[in-house]
Amino acid sequence: MATTITPVTLPNIKHAMLIDLQLDSNVYYISNAWKTITYGGNDYTELGAFLGVSEFQEDIKTTNGDITISLSGIPSEGDYVSEVLNTKIKGGEVTIYRGFLNDDYSLDSGNVFQRFKGIITNFSIEEDVDVIEGKNTNRVSVTCASINTILENKIAGQRTSPTDRLKFYPGDTTFYRIPELQNVAFDFGREYTGGSGYGGGGPGRGGGPGRGDMFSGINVNLR
């Protein structure tokens with residue numbers, strides 16, 4: 001459903017990007033504005049760690065374009081790179097908003113629109129060393145997949161286990177013997193060696209020479 005954005009019709013557009021970045025149990029609020037912006041009860045830090053974001057792929061139909069967010073580091077008291085490497089990054093949720101500012105650079109919650117929502121699938125760390133100046137610059141790039149990509153990768157069907165079967169069909173015991181059978185070795189195609197039952201244990205398949213013994217004790221009346 002299309003959304004009408006009134007601020008884009010104005011002659012002078014002032015906007016800012018707001019990012020919710022989840023790393024493990026912590027959520028960082030980042031903005032490209034020149035000052036701290038408060039939205040939804042959260043304070044979005046101005047510039048600082050945020051360097052940029054790749055272009056959004058916008059089509060008429062739903063697309064699965066990924067984006068990359070570049071950061072100079074994650075705000076913390078310790079080393080930025082160490083913070084990233086020691087945190088469970090993959091799987092963290094990312095939400096990007098676009099907020100339109102008033103003439104006094106204040107922000108109304110009604111003028112904030114979500115542009116992207118997805119999860120972190122990968123990250124990379126780049127290091128630039130200036131030997132002459134003696135400076136070391138680090139940059140963290142986070143790759144995010146959209147929700148549409150996640151939905152396409154969902155698991156379809158069920159596994160052949162009692163647990164999965166009961167999850168979809170409570171009370172169904174169709175797969176109750178699967179755990180007992182999963183480690184059983186079936187020698188398909190192996191030649192039958194015979195036993196004490198039918199045929200006996202002699203050469204061939206009848207116990208004695210040929211297959212005559214299998215008919216012993218049987219009266220056949222041919223008329």
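Peer 1: When you look at the side chain of Arg165 in this model, what are you seeing that I'm missing?
Peer 2: Along the chain, the position of Arg165 falls in helix α3 (residues 162-168). The exposure class of Arg165 is buried, given its relative accessible area of 18%. Not counting the four nearest positions on each side in its chain, Arg165 is found in contact with Gln158, Pro170, Asp172, Thr174 and Phe175.

Peer 1: Looking at this model, I keep getting lost on a nonpolar patch on the surface. Mind explaining?
Peer 2: On the surface, Leu181, Val184, Phe186 and Phe188 cluster together into a nonpolar patch covering about 440 Å² of accessible area. Secondary-structure assignment places Phe186 in the segment after α4 (178-181).

Peer 1: Can you walk me through the pattern of salt bridges in this structure?
Peer 2: Close approach of charged atoms allows side chains with opposite charge to pair. The final tally for this structure, using the stated rule, is five salt bridges. Salt bridges here are not isolated pairs; linked through shared partners, they connect Arg159, Asp164 and Lys167.

Peer 1: Got a minute to help me understand the confidence of the model for the protein in this structure?
Peer 2: On average, the protein scores 75 in pLDDT, and the residues at 70 or more come to 74%. Here residues 198-223 scores under 50 on pLDDT; set against residues more than four positions off or in separate chains, the count is 14 contacts.

Criteria and thresholds
Residues numbered from 1 in each chain as written. Predicted model: local features only at pLDDT ≥ 70, side-chain atom pairs only at ≥ 80, totals over all residues. Heavy atoms only, no water. Helix = DSSP H or I, 4+ residues; strand = E, 2+ residues; numbered from the N terminus. Buried < 20%, exposed > 50% of the residue type's maximum accessible area, 1.4 Å probe, protein only. Contact = heavy atoms within 4.5 Å. Patch = residues over 30% accessible without salt bridge, like charges linked within 9 Å, V, L, I, M, F, W, Y side chains within 5 Å. Areas by Shrake-Rupley, 256 points an atom, 1.4 Å probe, with all protein chains shown as cover. Salt bridge = Lys/Arg side-chain N within 4 Å of Asp/Glu carboxyl O. pLDDT = per-residue confidence, 0-100.

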